[in-house]
Amino acid sequence: MAKALAKSNSISVNRLMDELATIALANVDARVRFETRAARGNRKRALALLDKLDRAG
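Trainee: Honestly, the environment of A6 in this entry has me stumped. Any pointers?
Mentor: Considering the arrangement of structural elements, one finds A6 in helix α1 (residues 2-8). Looking at A6, the relative accessible area reads 1%, which means it is buried. For the pair formed by A6 and L49, sequence separation is 43 residues and the distance between their alpha carbons is 44 Å. Setting aside residues up to four positions removed in sequence, A6 forms contacts with I11, S12, V13 and L16.

Trainee: Is there a simple way to think about the environment of A2 in this case?
Mentor: Summarising the element assignment, A2 is placed in helix α1. Taking relative accessible area as the criterion, A2 reaches 31% and is therefore assigned partly exposed. Distance in space between the C-alpha atoms of A2 and K52 is 46 Å, their sequence separation being 50 residues. Dropping the residues within four chain positions of it, A2 is found in contact with V13, L16 and M17.

Trainee: Looking at this structure, how should I read the confidence of the model for the chain?
Mentor: Regions with low pLDDT carry predicted coordinates that are not meant to be interpreted in detail. Overall, the prediction assigns the chain a mean pLDDT of 93, with 100% of residues at 70 or greater. Looking across the chain, the model is least confident in helix α3 (residues 43-56), with a mean pLDDT of 89, and most confident in α1, with 96.

Trainee: I keep staring at the pattern of salt bridges and nothing clicks. Help me out?
Mentor: Note that side chains of opposite charge can pair when their charged atoms are close. By the definition in use, this model includes four salt bridges. D18 is the partner of R15 in a salt bridge, and the nearest nitrogen-oxygen pair spans 3.8 Å. Of this pair, R15 and D18 are both found in helix α2 (residues 13-40), three residues apart, which corresponds to roughly one turn of the helix. With a shortest N-O distance of 2.9 Å, R31 and E35 are connected by a salt bridge. Note that R31 and E35 are positioned in helix α2 at a spacing of four residues, about one turn of the helix. The exposed category is assigned to R31, whose relative accessible area is 57%. Ionic contacts of the salt-bridge type, sharing partners, join the residues R15, D18 and E19 into one network.

Trainee: Which parts of the structure should I look at to understand a nonpolar patch on the surface?
Mentor: Judged by side-chain polarity, V13, M17, L20 and I23 come together as a nonpolar surface patch covering roughly 330 Å² of accessible area. With respect to the helices, strands and loops of the structure, I23 is situated in helix α2.

Rules used throughout
Residues numbered from 1 in each chain as written. Predicted model: local features only at pLDDT ≥ 70, side-chain atom pairs only at ≥ 80, totals over all residues. Heavy atoms only, no water. Helix = DSSP H or I, 4+ residues; strand = E, 2+ residues; numbered from the N terminus. Buried < 20%, exposed > 50% of the residue type's maximum accessible area, 1.4 Å probe, protein only. Contact = heavy atoms within 4.5 Å. pLDDT = per-residue confidence, 0-100. Salt bridge = Lys/Arg side-chain N within 4 Å of Asp/Glu carboxyl O. Patch = residues over 30% accessible without salt bridge, like charges linked within 9 Å, V, L, I, M, F, W, Y side chains within 5 Å. Areas by Shrake-Rupley, 256 points an atom, 1.4 Å probe, with all protein chains shown as cover.

Next up, the structure:
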C-alpha cells in the first residue's frame, strides 16, 4: 500500500515515510502547544470571547 501511494505521488517510499513522519511530528507539536495554552487559559474569558464572536458573526 505504501509503495502504491508513493508511486501515485511520484516519490520514493523513503520520501513518503519521511513526509508522513514530518506530518505526525507537526501534529504532536500542535497538540502539545494547544494543551499547554489551554492549561494556562481562563475558561470564563474564553467562553465570553466565543459568545462575543457568535454575536458578531
